[in-house]
Amino acid sequence: MEKIRPILKTYYEALEEGRILGMQCKECGDVTWPPLPTCQMCGSTDTDWILLGDEAVIDEIRFEDPSIGGDYTFRKANDYFADKTEPYTICLGKFPKGTARFHAALYGITADNVEEWRAKLPFTAKVRFIQMNNDFKVVGFEVPGYQSGKSE
């Protein structure tokens, strides 16, 4: 595994164990994910690890064709995905225990079903751990019923 800072080490080790951790502020209660050493609401450094669970509520789908451009962050991240064959799109959502929205990869959305899934927003999606080339995992999500390239 690559050399990483202590806060990230705890986070990425938890991902290897199938757990997603966030940081909860002891002063204001805000939950930051991915974890950061300071509360993003009040600036406090008095935070504790919190388990976020294995699903999140997705409230926005940003369907883009990565072959023609789109979100630079995700095009760049895709360079590091170990499996580049399975299509995904970008979603915004929130962990039930979280207090901030995130953006992440969402599997199971195609040009043929994107409007159907947008009509179902918000919906709960299961976590999907994405293997990266650098020997660590990141968090993404799957639409309900998605399995190995098949969706409802």
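Preceding this paragraph is the structure being described.
Just so it is clear, the model here is predicted, and its values are computed rather than measured.

Participant: So what's going on with the pairing of strand 8 (residues 137–142)? Residues and values would help.
Facilitator: Along strand 8, 5 of the 6 residues are buried, which leaves the element largely enclosed by surrounding structure. Sheet topology places strand 6 (residues 102–107) next to strand 8; 2 bridges connect them, and they run parallel. For Leu 106, the partnering residue across the bridge sits in strand 8 and is Phe 141.

Participant: Before we move on, could you go through the side chain of Glu 86 and cite the residues and values that matter?
Facilitator: Note on placement: Glu 86 falls in the loop between helix 2 (72–78) and strand 5 (88–94). By relative accessible area, which is 14% here, Glu 86 ends up buried. At 2.5 Å, the side chain of Glu 86 and the side chain of Arg 128 are in polar contact. In terms of polar contacts, Glu 86 uses its side chain to reach the side chain of Tyr 146, at 2.2 Å.

Participant: How would you sum up the nonpolar core? Please name residues and give values.
Facilitator: Judged by nonpolar contacts, the single largest core of 36 residues is most densely connected at Phe 95, Leu 106 and Phe 141. At the level of secondary structure, the elements contributing two or more residues to this core comprise helix 1 (6–16), strand 4 (55–62), strand 5, strand 6, helix 3 (114–119), strand 7 (123–131) and strand 8. With 5 residues, the single largest contributor to this core is strand 6.

Participant: If you had to explain the packing of aromatic side chains to someone new, which residues and values would you point to?
Facilitator: Think of a pair of aromatic rings as described by two things: how far the centres are apart, and how the planes are tilted against each other in angle. Applying the stated criterion across every chain, the model contains 10 aromatic pairs. Look at Tyr 11 and Tyr 12: their rings are 5.0 Å apart centre to centre, the planes differ by 75 degrees, and that puts the pair in the edge-to-face class. Assessed through its relative accessible area of 5%, Tyr 11 is described here as buried. Measuring from centroid to centroid gives 5.2 Å for Trp 33 and Phe 102, while their planes differ by 80 degrees, and the two rings are edge-to-face.

Participant: Describe the sheet that holds strand 3 (residues 47–51), listing the residues and the values that go with them.
Facilitator: Sheet strands associate in pairs through backbone hydrogen bonding, adopting either a parallel or an antiparallel arrangement. The strand order across the open sheet formed by 3 strands is 2-1-3, and the pairing between neighbours is antiparallel. Taken across any chain shown, the strands that pair with only one partner, and hence form the sheet edges, are strand 2 (31–32) and strand 3. Note that strand 1 (residues 21–25) and strand 3 share 5 bridges and pair antiparallel. For Cys 25, the partnering residue across the bridge sits in strand 3 and is Thr 47. Across the face of the sheet, helix 1 comes into contact with strand 1 and strand 3 while running at roughly 130 degrees to strand 1.

Participant: Before we move on, can you summarise unusual backbone geometry with the specific residues and values?
Facilitator: The linkage connecting Trp 33 with the following residue, Pro 34, adopts the cis geometry, with an omega of -5 degrees. Here Pro 34 lies in the loop between strand 2 and strand 3. Unusually for a residue other than glycine, Asp 135 sits at a positive phi of about 70 degrees. Tracing the sequence through the fold places Asp 135 in the loop between strand 7 and strand 8. Judged by relative accessible area, Asp 135 falls into the partly exposed class, the value being 46%.

Participant: Help me get a handle on the pattern of salt bridges, residues and values and all.
Facilitator: All told, the structure shown has 14 salt bridges when counted by the stated rule. Note that Glu 16 and Lys 137 form a salt bridge whose closest N and O atoms lie 3.5 Å from each other. Here the residue Glu 16 occupies a position in helix 1, and Lys 137 occupies one in strand 8, the gap between them amounting to 121 residues. Residues Glu 17 and Arg 19 are paired through a salt bridge, measuring 2.6 Å at the closest nitrogen-oxygen approach.

Participant: Summarise the sheet that holds strand 8; cite the residues concerned and give the values.
Facilitator: Taken in spatial order, the 5 strands line up as 4-5-6-8-7 and close into a barrel, and their pairing is mixed. Taken pair by pair, the neighbouring strands of this sheet meet at an average axis angle of 60 degrees, ignoring direction. Across the face of the sheet, helix 1 comes into contact with strand 7 and strand 8 while running at roughly 55 degrees to strand 8.

About the thresholds
Residues numbered from 1 in each chain as written. Predicted model: local features only at pLDDT ≥ 70, side-chain atom pairs only at ≥ 80, totals over all residues. Heavy atoms only, no water. Buried < 20%, exposed > 50% of the residue type's maximum accessible area, 1.4 Å probe, protein only. Helix = DSSP H or I, 4+ residues; strand = E, 2+ residues; numbered from the N terminus. Pairing = 2+ DSSP bridges. Polar contact = N/O pair within 3.5 Å; in protein donor to acceptor, adjacent residues only side chain to side chain. Core = buried A, V, L, I, M, F, W, Y, C linked by side-chain atoms within 4.5 Å. Phe/Tyr/Trp six-rings, centres within 6.5 Å; stacked < 30°, edge-to-face > 60°. Contact = heavy atoms within 4.5 Å. Axes fitted to C-alpha atoms, helices over the stretch in contact; angles between N-to-C directions. Salt bridge = Lys/Arg side-chain N within 4 Å of Asp/Glu carboxyl O.

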